[in-house]
Amino acid sequence: MEWYRIFLHTAQAGNLTKAAQELHITQPSVSYAIKQLEDGLGVKLFDRLSKGVALTPEGADLLKFVEQSLSLLDAGERKMASLRDRASGELRIASSGPMIKHLLLPSLDRIRDETPGIEIRLYQGKTAQIAAWLRENRIDIGLVHLPMGDPGLDVRPLAAIQDCFVAGPRYRHLADRPLSAAELAALPLLLLSGGSSTRQFAERWFAAHGLAVDAAFELNSTDMLVEFARRGYGAAFVTRAFVRRQLQDGELFELRAAEAIPERRIGLATRRGMSLPVIGQHFVALLMEQM
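Residues numbered from 1 in each chain as written. Predicted model: local features only at pLDDT ≥ 70, side-chain atom pairs only at ≥ 80, totals over all residues. Heavy atoms only, no water.

**Section: helix α3 (residues 27-41)**
Here's step 1: Taking 1.5 Å per residue as the helical rise, α3 with its 15 residues ought to reach 21 Å, and the 21 Å between its terminal C-alpha atoms agrees with that figure.
Here's step 2: Here α3 has its buried residues at V30, A33, I34, L37 and E38. One side of α3 holds all its buried residues, which, seen down the axis, span an arc of 130°. Exposed residues pointing more than 90 degrees away from the buried face of α3 are listed as P28, Y32 and G40.
Here's step 3: Where α3 is buried, its residues meet α1 (2-13), α2 (16-23) and β1 (46-49). (Helix = DSSP H or I, 4+ residues; strand = E, 2+ residues; numbered from the N terminus. Expected span 1.5 Å × (residues − 1). Buried < 20%, exposed > 50% of the residue type's maximum accessible area, 1.4 Å probe, protein only. Arc of directions from axis to C-beta. Contact = heavy atoms within 4.5 Å.)

**Some words on the sheet that holds strand β10 (residues 235-239)**
Here's step 1: Taken together, the five strands give an open sheet; going across it, the order is β9-β8-β10-β7-β11, and neighbouring strands pair in mixed fashion. Among the strands making up the open sheet, the edge pair consists of β9 (217-219) and β11 (253-255). Each strand axis lies, on average, 40° off the axis of its neighbour in the sheet, ignoring direction.
Here's step 2: As paired strands, strand β8 (residues 189-192) and β9 are joined by three bridges and run parallel to one another. Residue pairing for β9: L192 is matched across the bridge by L219.
Here's step 3: Sheet strands touched by helix α8 (residues 197-208): β7 (163-167), β8, β9 and β10. Its angle to β8, the strand with the most contacts, is close to 135°.
Here's step 4: Together, β7, β8, β9 and β10 form the strand contacts of helix α9 (residues 222-230), whose direction differs from that of β8 by roughly 170°. (Pairing = 2+ DSSP bridges. Axes fitted to C-alpha atoms, helices over the stretch in contact; angles between N-to-C directions.)

**Observations concerning the sheet that holds strand β12 (residues 264-271)**
Here's step 1: Strands sit in the order β4-β3-β5-β12-β6 across an open sheet of five strands; the sheet is mixed. The open sheet has two edge strands, β4 (118-124) and β6 (153-161), and neither has a second partner. This sheet shows a mean twist of 20° between the axes of neighbouring strands, independent of strand direction.
Here's step 2: In terms of strand pairing, strand β5 (residues 141-145) meets β12 through four bridges, oriented antiparallel. Bridging from a neighbouring strand, L143 pairs with L268 of β12.
Here's step 3: On top of the sheet, helix α6 (residues 127-135) reaches β3 (89-95), β4, β5, β6 and β12; it is set at about 150° to β5, its chief contact.

**A short note on the pairing of β3**
Here's step 1: Where burial is concerned, most of β3 is hidden: six out of the seven residues are buried.
Here's step 2: Bridge count for β3 against β4 is seven bridges, and the pairing is parallel. Within β4, the residue paired with I93 across the bridge is L122.
Here's step 3: Between the parallel pair β3 and β4, the chain is carried across by helix α5 (residues 97-114), and the sense of this crossover is right-handed.
Here's step 4: Sheet analysis places β3 next to β5, joined by two bridges and oriented parallel. In the strand pairing of β5, I93 is matched with I141. (Right-handed = clockwise from strand over helix to strand, strands pointing away.)

What follows is the structure, encoded as structure tokens:
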């Protein structure tokens, strides 16, 4: 590679001494490199003149390829510098809708404002789907509900969340005392769709108290659960932090469970043994700092 770089400078300068000065090496070193390249290729590249050198027809043909090749390498080095300095790159993340809204957005806002050249690709899905996307290399980072055992993924705990039952003013009278699991099960339940980690957790909690429950309303987003709860259609099972504003404003009321609802944890998942892109490493650091 160095021989080709010396060849390029010599061809452009038309003089061995000038090429040596540009490259900050000695003139004999330039002569030696040219001779080695000529011997290796089996063709003469320069005619030696009294005041310098001139390309042979073969040398002129080679110059076209060397210029293109070294230009591509220079572009590659500039691209690496751009990625290193987070001036460009792609950030591929997946999460459930509520976690996007309440956990990811602050860090995404910082990435967007600090590194406007970064392309953000954000996907919404359930934990099982996110794990599949990671294995398929469709995303670099996924926020998932724990526990999640997948030998192909590295998962680190990120934050604890507390679930609860909430309802609108129509059920305000039930917020004055703790309700047993049986009393809660007797209410019209607003639950996320089957297969979601939150739905499975709610069903396991009721099952632990000997109860099998079904949803009066089965919806695909926390925002829809909140809206139907606010309108008095029943009790929604949601993460407390995701409805903090509505609880403070009196739009919703927490229906306290007499039997404790365990905390859950959210984890950050990546592919095991695979390096994150530089911008991905920076995003993870921002996210951990936020938590």
